[in-house]
Amino acid sequence: MHVFSNPTSRHFTDLSNLLQGRIPRSHLLQIHARIYRVGLHQDNLIATRLIGHCPPGFALRVFLQLETPNIFPFNALIRILAEDGPFSDVFSVFNKLKSRSLAPNGFTFSFLLKASFRLGDGYCVNQIHTHILKAGFLHDPFVCSGLLAVYARGVKDLLSARKAFDEMPDRSLVCCWTSLIAGYAQSGQTGEVLQLLLSMVKERLRPEDDTMVNVLSVCSNLEIVEIENWITILSKFFDDSQSKSLGFDSVETVLVYLYGKLGNIKKSRESFDRITDSGRRSVLPWNVMASAYVQNSSPLEALSLFNLMIDSQGCRPNHVTMVSVLSACAQIGDLDRGTWVHEYLKSEGRRGILAVNKNVATALIDMYSKCGSLTKAREVFDQMVSKDIIAVNAMIMGLAINGKGEDALRLFYKVQELGLHPNGGTFLGVLSACSHSGLLENGRQIFQDMCQSFSISPKLEHYASYIDLLARTGHLEEAIRVVDSMPFEPNNFVWAALLGGCLVHNRLDLAQNISKMLVKVDPQNSAGYVMLSNALAVDNRWGDVSGLRGFMREKGVKKQPGCSWISIKGVVHEFLVGSLSHPQIDSIYSTLNGLVREMKLAIT
């Protein structure tokens, strides 16, 4: 017989309040015993709250002791099983609910859909969909959102997901759009994703950051022609719109990303500048713009944008922002700014983020390595709780570019001890280490083991690094044989490596022909011309030097000016050879001329 709870009962009130707080698992048995002792084990409210604290097996025992459970303990048990499993038991409990002629509610279906998502069983999803229709819950936006999520992302049935979406009576809930967009994004259907985004904006809905992350992730698959086409479509969308809605900022953010991928950083910034103050309260457009700058070799602009973001105080940077900022610091060797970011992450970031966020840790390792602070790079690496192969690769490459070839080799040989498998990036790093440190025999063995022992086929960049090693160590004929035998057309990096080796070892007999090949694959790059010109000058072949410079003028090839950066008191100063654009250039030249006079006086 059902025991009705008495709201005035002291025991009922005490237990009801107790079960709403946090309860250590070790106390559950004591509380369960007390519930029995005071005769409240048949109370549905007490049972519901107790089940919410129990592991699945214990929760099931509590539930089975109820003689006449109502919908609430059923829902509590279904929720526990949907979260912790076994997921198939959820449907047995649901069938038991139906057999008692109880009416499921929105929570019941939401928990069932969560279990179906984790189970990944399309048949179960179809059955639940039928029950939702019969029970009249298709109008419930949260149930519909769960249904879309399990169709689109759980069982990847996009046809059913789209059909359910199109039949929704109310499509004003953004999470429903996000679920469908996420499903299309996971299957790589960029066109469908962008069309859905435009439809959202037309319906005056504002996409959330989760929506935009899916949109931008799938845009990374676009080829150049597709990017240009979508830029045209999105720009026309603006032109055809009568008035701006809240969602327009999202379309501008996509344009920032697409222009960045296209290399048109000016247009990318124009789109960013059109984003409203409200839109810039999200960190996403800032991150997209900063990333575009970094990927297009504009580190100073990325750091300037970061300063603007900090000064605006309307948006707080996250770990994605910091990865871009650290990459910018690495490009220009700004150790002071990179160290500031490190300290900011330790003081302002989420507790322990540096130990567990592999992307941030890897960016720090890369930055410190490229700024020459190997001790700090190694410190970050050693403090990582769990290392992945990307972080190991960054550390190996950091050691390589700083001439620590032996240390890079030692780390390479420890990779498998860390429970990791080397990939193409690992071998590229260790081959670079051998090249920078002249470790010829190690490099030969590693290049051979790459294919034979690890079943990794060398790509063009691996061949280029190995050829660089051979050329640097004077084995030019062997390097040329590798070029002739590799299954790729040599690119500018291959020919530049060979030409560099020829010049170092004074092999002008080979240098002229190799420089012609370098010019052939990269005709507008002055590097090949300059390297050969320098070699001819050393050999006093001035007529050939003059002829080469005339050929450059005829082809319109200009020598790229050298560029350097220096950070003073947190401000990065950029200098181009022959440029007078620095605001303090007069003072700089005056100081230099003074130093030259002092040196001349010292010599005399």
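Trainee: Explain the overall build of the chain residue by residue, including any values.
Mentor: Regarding its fold elements, the chain presents 34 helices and two strands. The long-range share in the chain, meaning contacts at least 24 apart out of those at least 6 apart in sequence, stands at 61%. For the chain, the accessible area works out to roughly 30800 Å², and carbon and sulfur atoms hold 53% of it.

Trainee: Account for the packing of aromatic side chains, naming residues and giving values.
Mentor: All told, the structure shown has 17 aromatic pairs when counted by the stated rule. When the centroid spacing of 5.3 Å and the interplanar angle of 65° are considered together, the rings of Phe427 and Phe454 count as edge-to-face. With Phe427 in helix α26 (residues 424–437) and Phe454 in the loop between α27 (440–452) and α28 (460–472), the pair connects residues that are 27 residues apart, well separated along the chain. For Phe427, a relative accessible area of 0% translates into the label buried. By way of ring pairs, the aromatic residues Phe412, Tyr413, Phe427 and Phe454 are connected into one cluster.

Trainee: Can you lay out the nonpolar core for me, pointing to particular residues and giving the numbers?
Mentor: Generally speaking, soluble globular proteins have nonpolar side chains that are buried together. With 174 residues, the main nonpolar core has Ile132, Val254, Leu258 and Ile467 as its most contacted residues. Here this core takes nine residues from helix α17 (residues 283–295), the largest share from any one element.

Trainee: Explain the pattern of salt bridges residue by residue, including any values.
Mentor: A side chain of one charge can pair with a side chain of the opposite charge when the charged atoms of the two come close. The tally for this structure, following the rule as stated, stands at 22 salt bridges. Across the pair Glu343 and Lys346 runs a salt bridge whose closest N-O atoms are separated by 3.1 Å. With Glu343 and Lys346 both in helix α20 (residues 335–348), this residue pair falls three residues apart, about one helical turn. For Lys346, a relative accessible area of 46% translates into the label partly exposed. Linked by salt bridges that have partners in common, Arg162, Asp166, Arg171, Glu192 and Glu203 make up one network.

Trainee: Please give an account of the layout of surface pockets that cites residues and values.
Mentor: Empty space within the largest pocket amounts to approximately 430 Å³. Around the largest pocket, the lining comprises 20 residues; the ones closest to its centre are Leu216, Asn287, Val288, Ser291 and Val320. Listed by contribution, the elements that provide at least two residues to the lining of the largest pocket are α13 (209–219), α15 (248–262), α17 and α19 (319–332). Considering each element in turn, the lining of the largest pocket owes the most residues, seven residues, to α17. Looking at side-chain class alone, the lining of the largest pocket contains nine nonpolar, nine polar and two charged residues.

Trainee: Can you explain the packing of α17 against α19? Please cite residues and give values.
Mentor: Orientation of α17 relative to α19, taken along the N-to-C sense of each, is 20°, at an axis distance of 9 Å. Between α17 and α19, the angle is such that the two are roughly parallel. The chirality of how α17 crosses α19 is left-handed. Touching Val283, Asn287, Ala290, Ser291 and Val294 of α17 are Val320, Thr321, Ser324, Ser327, Ala328 and Gln331, all from α19. Residues that form the contact of α17 with α19 fall into these classes: five nonpolar, six polar and no charged.

Trainee: Break down empty space enclosed by the protein for me, citing the residues and quoting the values.
Mentor: Tallied over the full model, the rule gives two cavities of 30 Å³ or more. Around the largest cavity, the lining residues are His32, Ile35, Leu40, His41, Ile46, Ala47, Leu50, Val62 and Gln65. Mapped onto the lining of the largest cavity, the elements with two or more residues apiece are α2 (25–37) and α3 (44–51). Counting residues per element, the lining of the largest cavity draws most heavily on α3, which supplies three residues. Across the lining of the largest cavity, the residue classes tally to six nonpolar, three polar and no charged. Broken down by element, the lining of the second largest cavity gets its largest block of residues, four residues, from helix α18 (residues 299–312). A class-by-class count of the residues in the lining of the second largest cavity yields seven nonpolar, one polar and no charged.

Trainee: I'd like a description of the state of the cysteines, backed by residues and values.
Mentor: One pass over the full model with this rule turns up zero disulfides. With no disulfide partner, Cys329 has as its closest neighbouring cysteine sulfur the one in Cys371, 6.9 Å distant. When its relative accessible area of 0% is taken as the criterion, Cys329 is described as buried.

Trainee: I'd like a rundown of the environment of Glu477, residues and numbers included.
Mentor: Looking at the element boundaries, Glu477 is found in helix α29 (residues 476–485). Under the relative-accessibility criterion, Glu477 is labelled partly exposed at 39%. Taking the C-alpha atoms as reference points, Glu477 and Leu498, separated by 21 residues in sequence, lie 9.9 Å from one another. Apart from residues lying up to four places away in sequence, Glu477 is in contact with Arg507 and Leu510.

Trainee: Requested: an account of the side chain of Asn287, with residues and values cited.
Mentor: By the element assignment, Asn287 lies in helix α17. When sequence neighbours within four positions are dropped, the list of residues in contact with Asn287 reads Asn318, Val320, Thr321 and Ser324.

Trainee: Before we move on, can you summarise a nonpolar patch on the surface with the specific residues and values?
Mentor: A cluster of nonpolar residues, Tyr589, Leu592, Leu595, Val596 and Met599, forms a patch on the protein surface that exposes about 460 Å² of accessible area. Checked against the element boundaries, Tyr589 lands in helix α34 (residues 585–603). Note on Tyr589: relative accessible area 39%, which makes it partly exposed.

Trainee: Can you break down helix α16 (residues 265–273) residue by residue, with the values?
Mentor: Among the residues making up α16, those that are buried are Ser268, Ser271 and Phe272. Projected down its long axis, α16 shows its buried positions confined to an angular sector of 100°, all on one face.

Trainee: Run through the confidence of the model for the chain, naming residues and quoting values.
Mentor: When the pLDDT values of the chain are averaged, the result is 85; 88% of them are 70 or greater. Low pLDDT, under 50, characterises residues 1–8; the predicted model gives this stretch 12 contacts beyond four residues in sequence or across chains.

Trainee: Got a sec to walk through unusual backbone geometry? Specific residues and values, please.
Mentor: Not every positive phi belongs to a glycine, and Ser101 is a case in point at roughly 60°. Along the chain, Ser101 turns up in the loop between α6 (88–99) and α7 (106–119). Overall, the relative accessible area of 68% leaves Ser101 in the exposed class. In the Ramachandran plot, Asn506 falls in the positive-phi region, its phi being about 55° despite a non-glycine side chain. Following the sequence through the fold, Asn506 ends up in the loop between α30 (492–504) and α31 (508–521).

Trainee: Describe in detail helix α25 (residues 405–414), supporting the description with residues and values.
Mentor: Looking at α25, one finds that the buried residues are Gly405, Ala408, Leu409, Leu411 and Phe412. Across the axial projection of α25, the buried residues extend over an arc of 165°, all falling on one side. Those residues of α25 hidden inside the fold are in contact with α23 (374–383), α24 (389–401), α26 and α27.

Calculation notes
Residues numbered from 1 in each chain as written. Predicted model: local features only at pLDDT ≥ 70, side-chain atom pairs only at ≥ 80, totals over all residues. Heavy atoms only, no water. Helix = DSSP H or I, 4+ residues; strand = E, 2+ residues; numbered from the N terminus. Contact = heavy atoms within 4.5 Å. Areas by Shrake-Rupley, 256 points an atom, 1.4 Å probe, with all protein chains shown as cover. Phe/Tyr/Trp six-rings, centres within 6.5 Å; stacked < 30°, edge-to-face > 60°. Buried < 20%, exposed > 50% of the residue type's maximum accessible area, 1.4 Å probe, protein only. Core = buried A, V, L, I, M, F, W, Y, C linked by side-chain atoms within 4.5 Å. Salt bridge = Lys/Arg side-chain N within 4 Å of Asp/Glu carboxyl O. 1 Å grid on protein atoms, 1.4 Å probe; cavity = no way out; pocket = protein on both sides within 12 Å on 5 of 7 lines; lining within 4 Å. Points joined across faces, edges and corners; volume = space filled by probe spheres on them. Nonpolar A, V, L, I, M, F, W, Y, C, P; charged D, E, K, R; others polar. Axes fitted to C-alpha atoms, helices over the stretch in contact; angles between N-to-C directions. Parallel < 35°, antiparallel > 145°, perpendicular 65-115°, else oblique. Left-handed = near helix turned anticlockwise from the far one by under 90°. Disulfide = S-S within 2.5 Å. Patch = residues over 30% accessible without salt bridge, like charges linked within 9 Å, V, L, I, M, F, W, Y side chains within 5 Å. Arc of directions from axis to C-beta. pLDDT = per-residue confidence, 0-100.

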